[in-house]
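This is what each chain is made of:
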Amino acid sequence: MRIARFSIDGNVAFGAVEGDSPDSLVLDIIKGIPYTDFELSGTKVPLKKVRLLPPVLPNKVVAIGRNYAEHAAEMGNEVPDVPVAFFKPTTSVIGPGDSIEFPSFSEELHHEAELAVVIGRMCREVPRERVKDVIFGYTCANDVTARDVQRRESQWARAKGFDTSCPLGPWVETDLDPGNLTIQATVNGEQRQLGRTSDMVRSVEDLVVHITEAMTLLPGDVILTGTPAGVGPLHVGDEVAVTIEGIGTLTNKVIKRG
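Residues numbered from 1 in each chain as written. Predicted model: local features only at pLDDT ≥ 70, side-chain atom pairs only at ≥ 80, totals over all residues. Heavy atoms only, no water.

## Here we look at the overall build of the protein chain
Counting secondary structure elements, the protein chain contains five helices and 20 strands. Scaling as 2.2 N^0.38, a compact globule of 258 residues should have a C-alpha radius of gyration of about 18 Å, and the protein chain matches this with 17 Å. The principal-axis extents of the C-alpha atoms in the protein chain amount to approximately 50 × 45 × 30 Å. Here the protein chain holds 258 residues, and the buried ones make up 53% of them. Partitioning the intrachain contacts of the protein chain with sequence separation of at least 6 by distance along the chain shows that 70% fall at a separation of at least 24. For the protein chain, the exposed area adds up to about 11600 Å²; of that, 48% sits on carbon and sulfur atoms. Taking the 26 positively charged and 36 negatively charged side chains of the protein chain as two groups, their mean positions are separated by 4 Å. (Helix = DSSP H or I, 4+ residues; strand = E, 2+ residues; numbered from the N terminus. Rg over C-alpha atoms; globule rule 2.2 N^0.38 Å. Buried < 20%, exposed > 50% of the residue type's maximum accessible area, 1.4 Å probe, protein only. Contact = heavy atoms within 4.5 Å. Areas by Shrake-Rupley, 256 points an atom, 1.4 Å probe, with all protein chains shown as cover. Lys, Arg positive; Asp, Glu negative; His and termini not counted. Charge placed at Lys NZ, Arg CZ, Asp CG, Glu CD.)

Below you can see the structure in the form of structure tokens.
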């Protein structure tokens with residue numbers, strides 16, 4: 001099931017996305033929130049009449065760096081012995097169609113297409129055999145990075161945590177095997193990144209186990225699983241799209257901050 005979060009007439013709701021053709025998609029409004037048992041209301045709204053929002057509002061976004069060997073190599077790094085984890089604040093999250101604001105303190109902005117894991121229940125110290133039980137679903141993400149700032153600052157907080165640096169969407173797919181999906185990024189229609197989630201050094205299961213050894217994850221929290229090779233520059237006016245097999249396409253335009 002595809003679960004979207006949207007606004008219409010000043011109201012925010014969740015809905016199940018129905019249909020196959022982009023022009024005929026509708027949302028069946030969900031009663032309540034989707035992390036618990038929920039019912040579909042039967043009230044349906046055409047997707048083209050709503051504004052899609054970030055599919056979740058995470059308490060935290062835990063991102064993983066250098067989880068694809070070819071990407072680590074293109075950045076001049078080795079694959080780390082343990083996963084490299086960092087946080088992106090909730091204020092970095094935007095939705096499909098929202099603008100990425102080029103930060104004033106950077107001159108080199110990069111796209112990073114990523115599979116995002118959405119947590120469905122509060123969990124801590126999750127054993128490998130229980131990982132699927134705590135996952136709500138998957139969505140597309142773009143770990144937008146101020147690359148020059150990342151190089152010159154030992155912490156990645158500003159380089160990867162600035163406002164609008166975490167586009168998510170367009171919705172959450174709840175019925176998906178993340179083990180071998182095509183993931184790609186295009187800029188102005190030109191393909192920049194193309195990889196498969198099977199190339200991840202550490203799997204979704206590995207990452208959930210590793211992260212929850214240290215911290216409690218809450219419903220709606222997001223894990224970014226790393227990016228394949230091919231990251232590259234974004235400029236004001238560019239349109240960047242992240243497409244993941246079985247999920248859909250997340251599209252955002254880059255604008256000048258201010």
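## Points about unusual backbone geometry
The omega angle of the peptide bond from G169 to P170 is 5 degrees, so this bond is cis rather than trans. Locating P170 in the fold gives a position in strand β14 (residues 166-173). Positive phi is not limited to glycine here, since D9 has a value of about 55 degrees. With respect to the secondary-structure elements, D9 resides in the loop between β1 (2-8) and β2 (11-18).

## Here's the deal with the sheet that holds strand β16 (residues 190-196)
Judged by pairing direction, the sheet is mixed, and its five strands sit side by side in the order β9-β20-β19-β15-β16 without closing on themselves. Of all the strands in the sheet, the pair left with one neighbour each is β9 (99-102) and β16. Geometrically, the sheet is characterised by an average inter-axis angle of 20 degrees between neighbouring strands, direction not taken into account. Here six bridges tie strand β19 (residues 239-244) to strand β20 (residues 248-256), and the two strands are oriented antiparallel to one another. Residue I244 lies in a different strand from β20, and its bridge partner there is G248. (Pairing = 2+ DSSP bridges. Axes fitted to C-alpha atoms, helices over the stretch in contact; angles between N-to-C directions.)

## Some details on the pattern of salt bridges
Here the idea is simple: oppositely charged side chains can pair when their charged atoms come close. Tallied over the full model, the rule gives 15 salt bridges. Of the charged contacts in the structure, one is a salt bridge between K88 and D143, with a shortest N-O distance of 2.6 Å. One end of the pair, K88, is in strand β7 (residues 84-88); the other, D143, is in the loop between β12 (135-142) and β13 (145-146), with 55 residues separating them in the sequence. Each member of the pair K88 and D143 is classed as buried. (Salt bridge = Lys/Arg side-chain N within 4 Å of Asp/Glu carboxyl O.)

## What to know about the nonpolar core
The biggest cluster of nonpolar side chains holds 40 residues, and the ones touching the most others in it are Y138, W171, V204, I244 and I247. Listed by contribution, the elements that provide at least two residues to this core are β1, β6 (61-65), β11 (113-119), α2 (131-134), β12, β15 (182-187), α5 (204-212) and β19. Counting residues per element, this core draws most heavily on α5, which supplies five residues. Setting aside residues no more than four positions away along its own chain, Y138 makes contact with L115, A116, V117, W171, V172, E173, L176, P178, V204 and I247. Ranked by size, the runner-up nonpolar core spans 19 residues in total, among them A116, F136, W156 and V222. (Core = buried A, V, L, I, M, F, W, Y, C linked by side-chain atoms within 4.5 Å.)

## Quick notes on the packing of aromatic side chains
The tally for this structure, following the rule as stated, stands at three aromatic pairs. Taken together, a centroid distance of 5.2 Å and an interplanar angle of 70 degrees make the contact between Y35 and F136 edge-to-face. On the criterion of sequence distance, the pair formed by Y35 in the loop between β3 (26-31) and β4 (39-46) and F136 in strand β12 is long-range, its members being 101 residues apart. Centroid distance F105 to F162: 6.2 Å. Interplanar angle 80 degrees. Geometry classified as edge-to-face. (Phe/Tyr/Trp six-rings, centres within 6.5 Å; stacked < 30°, edge-to-face > 60°.)

## What to know about the state of the cysteines
In total, this model carries zero disulfides according to the counting rule given. In this structure C140 is a free cysteine whose sulfur lies 12 Å from that of C166, the closest cysteine sulfur available. On the accessibility criterion, C166 (0% relative accessible area) is buried. (Disulfide = S-S within 2.5 Å.)

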